[in-house]
Amino acid sequence: MVQGSRKIGDYAIATLGSHTALQILKGAHDEGFKTICVCVKGLEDVYRNFGVADEIISVDSFEKYFEIEDELIRKNAIMIPHGSFVSYIGWEKAGRIKMMHYGSKGILEWESDREKERLWLKASGLMLPKIFKTPEEIDRAVIIKFHGAKGGKGYFIANSPQEFHERIKEYPGDEKYVIQEYIVGVPIYSHYFYSRLNKELEIMSFDKRYESNADSIGRIASKDQLDVGIRTSYTITGNMPLVVRESLLPQIMKMGQNVVTQSMKLTDHLTSGPLEKGLYGPFCLEGIVDPDLNYYVFEISARIVAGTNPYVNGSPYTWLKYNEPMSTGRRIAREIKEAITSGRLDEVLG
Amino acid sequence: MVQGSRKIGDYAIATLGSHTALQILKGAHDEGFKTICVCVKGLEDVYRNFGVADEIISVDSFEKYFEIEDELIRKNAIMIPHGSFVSYIGWEKAGRIKMMHYGSKGILEWESDREKERLWLKASGLMLPKIFKTPEEIDRAVIIKFHGAKGGKGYFIANSPQEFHERIKEYPGDEKYVIQEYIVGVPIYSHYFYSRLNKELEIMSFDKRYESNADSIGRIASKDQLDVGIRTSYTITGNMPLVVRESLLPQIMKMGQNVVTQSMKLTDHLTSGPLEKGLYGPFCLEGIVDPDLNYYVFEISARIVAGTNPYVNGSPYTWLKYNEPMSTGRRIAREIKEAITSGRLDEVLG
Amino acid sequence: MVQGSRKIGDYAIATLGSHTALQILKGAHDEGFKTICVCVKGLEDVYRNFGVADEIISVDSFEKYFEIEDELIRKNAIMIPHGSFVSYIGWEKAGRIKMMHYGSKGILEWESDREKERLWLKASGLMLPKIFKTPEEIDRAVIIKFHGAKGGKGYFIANSPQEFHERIKEYPGDEKYVIQEYIVGVPIYSHYFYSRLNKELEIMSFDKRYESNADSIGRIASKDQLDVGIRTSYTITGNMPLVVRESLLPQIMKMGQNVVTQSMKLTDHLTSGPLEKGLYGPFCLEGIVDPDLNYYVFEISARIVAGTNPYVNGSPYTWLKYNEPMSTGRRIAREIKEAITSGRLDEVLG
């Protein structure tokens with residue numbers, strides 16, 4: 001065990017082969033780390049072909065993570081959690097992770113539970129869409145989101161209690177849902193990085209998702225849509241780069257700062273004490289900017305999100321600050337490198 | 001006063017902290033200039049955090065620009081005007097600007113007054129949407145734009161005199177407007193740079209705006225739109241990168257050349273003589289390409305626009321010509337540097 | 001004649017001035033080649049201004065290609081075919097091309113004939129939209145595409161035999177068409193490069209087209225669309241960058257591999273034997289990803305496509321593999337360079 005070593009050659013960066021793994025592994029390589037990619041059997045080619053993984057460990061499915069954790073520990077690997085990791089492990093099992101893990105584990109409960117998430121965002125002073133407690137209160141356009149929805153499916157829109165009761169019939173199995181005010185405006189995903197080492201918050205980039213069929217039904221003339229009976233679905237298929245109106249940046253910066261500050265006051269279910277380290281590393285505020293430039297936030301991701309994938313070679317924002325390509329994946333590796341070489345690794349593990 | 005100096009160390013590049021300031025300041029840095037950012041009090045963080053401003057001068061509001069102009073003059077700063085500068089100072093006060101100013105001041109009247117702008121574009125041989133003098137002439141889809149509209153709000157669409165008279169009721173305060181043929185096609189913003197030093201026109205990049213709610217209502221199925229009564233608004237929230245069909249480039253190049261040539265024949269309201277220097281530096285033609293590949297232009301911006309912000313690290317077009325990252329902001333600084341070191345600074349100030 | 005030379009200085013890279021020529025010529029320059037651009041008279045400026053062409057040969061129209069082919073042969077030039085080349089020369093005349101030509105000529109028949117193309121894609125195991133043999137079989141939303149359609153015009157949507165017969169009246173001249181199931185989902189264009197030298201398949205990038213008016217009618221509220229009677233058209237005006245959901249990559253890689261493998265079993269109409277070299281170099285699968293993440297492919301382009309133009313300075317995918325900017329145009333030049341210097345040029349000419 002060389003966890004106390006200050007040489008990055010004694011460590012490896014590991015992640016699951018999905019979501020943002022290419023970016024994470026490439027970034028780790030660029031910072032001089034050995035890289036390990038945990039792949040589902042049969043799907044290794046991509047990670048091999050791009051040349052970003054020094055080593056590939058194959059598993060039958062990502063749910064088998066705990067079966068290969070010992071191997072990762074022996075290799076002194078640091079796990080970079082991403083959306084798929086969180087989704088396959090689940091916040092409930094986060095306490096069982098024994099290998100080095102970048103980021104707060106306790107925060108995962110707060111991002112995964114819609115009610116807790118809402119408490120956090122509200123306490124941070126963000127604008128949120130109104131939530132309706134019962135279908136009968138619906139008095140405007142609302143979107144109904146099912147808790148278990150994966151990858152953007154399992155939503156519907158309703159304009160009245162009547163419409164709600166009619167459409168809910170199509171989702172007999174899913175029971176938990178939230179009824180949320182439907183804000184009309186453009187989706188903007190804001191990507192941040194908060195450094196625990198230097199206490200600085202960086203705006204990394206922005207993107208919009210590319211959702212099927214939401215981002216293509218507009219290509220169908222309204223008459224045809226009505227004839228064919230088109231309904232919107234929100235399956236994520238990719239991401240598109242974006243810059244935001246520069247005058248929005250001070251507000252976006254402030255929102256990020258508030259979320260970080262507030263995170264340190266949350267309760268850590270793993271220790272039942274305060275979540276001392278709070279939120280750090282990459283995170284994302286997901287929301288909608290309406291025509292009056294109000295930025296409503298409907299979700300936070302407390303780890304790297306796929307919306308940073310367009311920026312493997314840096315974003316219009318990271319190029320302002322860095323004179324080298326700085327993806328979010330590389331920024332993570334840079335942080336870990338600085339933590340290791342300054343003997344502060346414990347501060348960025350959680 | 002070292003205005004005659006040929007050392008760029010004797011100068012600073014200044015701009016207002018908004019719009020395209022990050023790009024302008026970063027570009028000036030890359031060319032070796034000291035940089036000054038004039039910020040609204042309380043909104044300095046963004047410009048500080050990205051590390052692009054050597055100095056920040058805080059003001060209560062951008063309208064107070066003239067109160068700090070003497071300080072900028074003492075620092076031998078050259079002002080790079082952008083959309084927010086033009087909007088807050090106004091072309092009427094442009095004659096009062098005493099500090100070094102990059103670009104023609106007289107051109108600002110021509111870009112700010114919709115009728116003058118139209119004369120200029122028509123004389124340049126560009127295709128323009130038809131203008132209807134009275135609501136009674138409306139015989140096709142038209143868009144009504146209010147002159148004072150800021151950031152894209154204050155527009156509506158009508159298909160007939162009846163619809164016009166019904167919808168105009170919602171805008172009781174705004175009196176001046178234009179009734180313009182509504183061209184159905186994709187918006188494309190073409191970004192140019194014309195060098196006064198070498199008389200060359202460069203195509204810098206293209207973008208599409210990301211407007212709230214125009215760029216998201218298509219995500220709502222037509223049935224839902226009709227139920228909820230969605231109407232389009234055009235608040236600019238950001239910009240998305242784009243390349244154009246290569247066979248359109250010769251025409252786009254020609255359009256830019258015509259606008260520059262024609263600009264030298266316009267009248268300069270500041271001198272009442274011809275606008276001798278004409279249009280130079282960055283400018284943008286804003287229009288719509290219809291399904292027959294006609295490029296209708298509805299606006300010109302005679303200075304840097306926010307649509308160049310996706311290209312802080314260069315665009316697919318500047319990478320063709322330059323073997324280094326060349327944003328529009330940096331291209332401006334490069335031009336000023338070349339003007340200074342060759343003793344031709346006067347030629348690029350206006 | 002120095003075709004056997006192993007010095008790249010003895011060769012030139014040539015292409016027609018349109019489509020992807022800027023990228024191809026820039027890439028060839030970066031790899032150290034002399035470059036020749038064949039331009040339509042009067043449209044040379046763009047290729048001159050960007051500085052990518054060492055030599056420009058002007059022709060009255062691209063159809064006159066065969067008149068200047070001898071000149072290109074004397075200059076020992078290698079032609080890089082792109083969409084405009086294929087469109088102006090036509091696969092039927094491909095056998096008459098005598099100059100060095102990058103890529104298989106015989107494959108052009110298979111990509112140009114919709115029925116042959118479909119056989120190839122089906123044999124490769126790809127999911128294709130259902131084809132209806134007669135209008136009477138229409139039982140869902142279908143899109144009718146005319147064979148001669150250029151640049152995306154000449155399509156319509158119908159939901160029933162009745163609607164088909166009504167709308168077809170508007171296209172009296174065009175006789176050959178295909179009736180294809182209309183898949184609702186987001187368009188994604190996948191760009192590949194298959195190296196004949198090292199037998200590796202690379203994912204180069206992804207894009208979505210920017211079509212007029214398909215990509216802007218969604219900005220018009222449904223009520224206005226219905227009032228104005230908007231219909232969709234698909235004229236290509238540009239391209240937008242995109243990354244795809246990382247978990248789709250293994251499937252996308254497999255699809256590309258299958259298409260390449262299958263191509264070697266096709267018949268070469270030029271020799272009546274098998275198409276031994278098959279498909280190699282750049283190619284593109286054009287399709288739609290539906291909300292269940294099924295990737296339906298409706299077309300293959302067996303050469304470089306304009307959707308790679310956003311990536312003159314490399315894509316998020318090429319930056320993973322290469323530590324230098326690698327456009328598809330440059331990747332072609334790199335392959336040719338490696339072929340020349342290793343004495344294997346014949347293997348990449350076709």
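Below you will find a few notes about this structure. (Residues numbered from 1 in each chain as written. Chains lettered and ligands numbered in written order. Predicted model: local features only at pLDDT ≥ 70, side-chain atom pairs only at ≥ 80, totals over all residues. Heavy atoms only, no water.)

**Brief notes about the overall build of chain A**
A count of helices and strands for chain A gives 12 helices and 14 strands. For a compact globule of 350 residues, the expected C-alpha radius of gyration is about 20 Å, and chain A comes in at 21 Å, within 12% of that figure. Principal-axis analysis of the C-alpha atoms gives chain A an extent of 65 × 45 × 40 Å. Counting all 350 residues of chain A, 65% fall into the buried class. Pairs at least 24 apart in sequence give 62% of the contacts found in chain A among residues at least 6 apart. Accessible surface for chain A amounts to roughly 12600 Å². Of this, 47% is attributable to carbon and sulfur atoms. Distance from the positive charge centre (44 side chains) to the negative charge centre (47 side chains) of chain A: 3 Å. (Helix = DSSP H or I, 4+ residues; strand = E, 2+ residues; numbered from the N terminus. Rg over C-alpha atoms; globule rule 2.2 N^0.38 Å. Buried < 20%, exposed > 50% of the residue type's maximum accessible area, 1.4 Å probe, protein only. Contact = heavy atoms within 4.5 Å. Areas by Shrake-Rupley, 256 points an atom, 1.4 Å probe, with all protein chains shown as cover. Lys, Arg positive; Asp, Glu negative; His and termini not counted. Charge placed at Lys NZ, Arg CZ, Asp CG, Glu CD.)

**Focus on the interface of chain B and chain C**
Contact residues are listed per partner, giving 51 residues for chain B and 47 residues for chain C. For the pair chain B and chain C, the two sides together bury roughly 3900 Å², of which 58% comes from carbon and sulfur. Three residues stand out in chain B for area buried against chain C, namely E246, P291 and L320 of chain B, and they jointly supply 19% of the buried area on that side. Counting across the interface, chain B meets chain C through 3 salt bridges. For D224 of chain C, the salt bridge is made with R167 of chain B, and the minimal N-O distance between the two is 3.4 Å. Across the chain B-chain C interface, the total number found is 21 residue pairs in polar contact (both at pLDDT 80 or more). Going through the elements one at a time, α7 (161-167), β10 (186-194), β11 (201-213), α8 (222-228), β12 (234-244), α9 (249-263) and α10 (318-321) of chain B are the ones with two or more residues in the side of chain B that touches chain C. Element by element, the count of residues in the side of chain B that touches chain C is highest for β12 of chain B, at 6 residues. Of the residues assigned to the side of chain B that touches chain C, the class counts are 30 nonpolar, 10 polar and 11 charged. Across 2 bridges, β12 of chain B lies against strand β12 (residues 234-244) of chain C in antiparallel orientation. Note that in β12 of chain C the partner of V243 of chain B across the bridge is N239 of chain C. (Buried area = accessible area lost by both parts, 1.4 Å probe. Salt bridge = Lys/Arg side-chain N within 4 Å of Asp/Glu carboxyl O. Polar contact = N/O pair within 3.5 Å; in protein donor to acceptor, adjacent residues only side chain to side chain. Nonpolar A, V, L, I, M, F, W, Y, C, P; charged D, E, K, R; others polar. Pairing = 2+ DSSP bridges.)

**Things to note about the pairing of strand β1 (residues 12-16) of chain C**
All names here are of chain C. Among the 5 residues that make up β1, 5 are buried, leaving the element largely enclosed by the rest of the structure. Pairing geometry for β1 and strand β2 (residues 34-40), over 5 bridges, is parallel. Bridge pairing links I13 to T35 in β2. Regarding topology, helix α1 (residues 21-30) serves as the crossover connection from β1 to the parallel β2, and that connection is right-handed. Bridge count between β1 and strand β4 (residues 77-79): 3 bridges; the pairing is parallel. The residue bridging A14 from the neighbouring strand is M79, located in β4. (Right-handed = clockwise from strand over helix to strand, strands pointing away.)

**Let's talk about the relation of the copies chain B and chain C**
Relative to chain C, chain B is turned by 120° and slid 0.0 Å along the rotation axis, the superposed coordinates differing by an RMSD of 0.1 Å. Such a combination of rotation and displacement between the chain copies is what one expects of a three-fold axis. Closest approach to the rotation axis within chain B is made by the C-alpha atom of G218 of chain B, at a distance of 2.3 Å. Counting the interface residues of chain B, we find that no more than 20% of their copies in chain C are interface residues as well, pointing to two distinct contact surfaces. (Least-squares fit on C-alpha atoms with pLDDT ≥ 70 in both.)

**Considerations on the interface of chain A and chain C**
Taken together, the contact pairs 47 residues of chain A with 51 residues of chain C. Both sides of the chain A and chain C interface together cover about 3900 Å² of buried area, and 58% of this is carbon and sulfur. Its largest share of buried area at the contact with chain C, chain A owes to F50, Y210 and R219 of chain A, together 20% of the area lost on that side. Put simply, chain A and chain C have 3 salt bridges between them. Where R219 of chain A meets D215 of chain C, a salt bridge forms, and the shortest distance between an N and an O atom there is 3.0 Å. Summed over the shared surface of chain A and chain C, the number is 21 residue pairs in polar contact (both at pLDDT 80 or more). Those elements giving two or more residues to the side of chain A that touches chain C turn out to be α1 (21-30), α2 (45-49), β11 (201-213), α8 (222-228) and β12 (234-244) of chain A. At 7 residues, the largest contribution of residues to the side of chain A that touches chain C is made by β12 of chain A. Considered class by class, the residues forming the side of chain A that touches chain C number 19 nonpolar, 18 polar and 10 charged.

**Some details on the packing of aromatic side chains**
What the rule picks out here adds up to 39 aromatic pairs over all chains. Considering the side-chain rings of F50 of chain A and Y317 of chain C, the 6.2 Å spacing of their centres and the 40° angle between planes classify their relative orientation as tilted. With one member in each of two chains, F50 of chain A in the loop between α2 and β3 (55-59) and Y317 of chain C in the loop between β14 (295-301) and α10 (318-321) form a pair that bridges those chains. Of the two residues examined, F50 of chain A and Y317 of chain C, each falls in the buried class. Ring geometry for F156 of chain C versus F164 of chain C: centroids 5.9 Å apart, planes at 40°, classification tilted. Accessibility assignment for this pair places F156 of chain C and F164 of chain C in one class, buried. Here a set of aromatic residues connected by ring pairs shows up, and it is made of F146, F156, F164, Y171 and Y177 of chain A. The cationic tip of K116 of chain B hangs over the ring face of W110 of chain B; the distance from NZ or CZ to the ring centre is 5.9 Å. (Phe/Tyr/Trp six-rings, centres within 6.5 Å; stacked < 30°, edge-to-face > 60°. Lys NZ or Arg CZ within 6 Å of the ring centre and 35° of its normal.)

**Description of the sheet that holds strand β7 (residues 142-146) of chain A**
Residues and elements named next belong to chain A. Reading across from one edge, β6-β9-β7-β8 is the order of the 4 strands in this open sheet, with antiparallel pairing throughout. Strand pairing shows two members of the sheet lacking a second neighbour, β6 (131-132) and β8 (155-158), which therefore form its edges. Examined bridge by bridge, β7 and strand β9 (residues 177-181) share 5 bridges and lie antiparallel to one another. Bridging across to β9, F146 finds its partner in Y177.

**Brief notes about the nonpolar core**
In terms of nonpolar packing, the biggest core is built from 279 residues, with L72 of chain A, L72 of chain B together with L72 of chain C touching the most fellow members. If we skip the residues at most four places from it in the chain, L72 of chain A touches A14, I36, V38, I57, Y65, A77, M79 and M99 of chain A. (Core = buried A, V, L, I, M, F, W, Y, C linked by side-chain atoms within 4.5 Å.)

**Some words on a nonpolar patch on the surface**
Residues L226 of chain A, L226 of chain B together with L226 of chain C make up a contiguous nonpolar surface patch of roughly 210 Å² in combined accessible area. Residue classification places L226 of chain C among the partly exposed positions, given a relative accessible area of 35%. (Patch = residues over 30% accessible without salt bridge, like charges linked within 9 Å, V, L, I, M, F, W, Y side chains within 5 Å.)

**With respect to the pattern of salt bridges**
Per the counting criterion, the structure on display carries 78 salt bridges over all chains. For the salt bridge of E324 of chain A with R330 of chain A, the shortest nitrogen-to-oxygen distance reads 3.3 Å. By relative accessible area, which is 9% here, R330 of chain A ends up buried. Residue E202 of chain C is joined to R331 of chain C by a salt bridge in which the shortest nitrogen-to-oxygen separation is 3.0 Å. Residue E202 of chain C is found in strand β11 (residues 201-213), and its partner R331 of chain C is found in helix α11 (residues 328-341); the two are separated by 129 residues along the sequence.

**Quick notes on α11 of chain C**
Residue and element names in this part refer to chain C. Given a rise of 1.5 Å per residue, 14 residues ought to cover 20 Å, and the 20 Å separating the end C-alpha atoms of α11 matches this to within 8%. Within α11, 11 of the 14 residues are buried, which leaves the element mostly enclosed by the surrounding structure. Backbone nitrogen of G329 and a side-chain oxygen of the N-cap are separated by 3.3 Å at the start of α11; the cap is S327. Phi for G343, located one or two positions after α11, is positive at around 70°. (Expected span 1.5 Å × (residues − 1).)

**A look at the packing of helix α6 (residues 114-123) of chain C against helix α9 (residues 249-263) of chain C**
In helix packing, the relevant descriptors are the interaxial angle and the interaxial distance, both defined with respect to the helix axes. Residues and elements named next belong to chain C. Two elements in contact, α6 and α9, have axes whose closest approach is 8 Å; the angle formed by their N-to-C orientations is 115°. Relative to α9, the crossing made by α6 is right-handed. Of the residues in α9, those touching α6 at W120, L121 and A123 are V259, Q262 and S263. Class assignment for the residues of the contact of α6 with α9 results in 4 nonpolar, 2 polar and no charged. (Axes fitted to C-alpha atoms, helices over the stretch in contact; angles between N-to-C directions. Left-handed = near helix turned anticlockwise from the far one by under 90°.)

Purely geometric stuff here, so don't read any function into it on its own.
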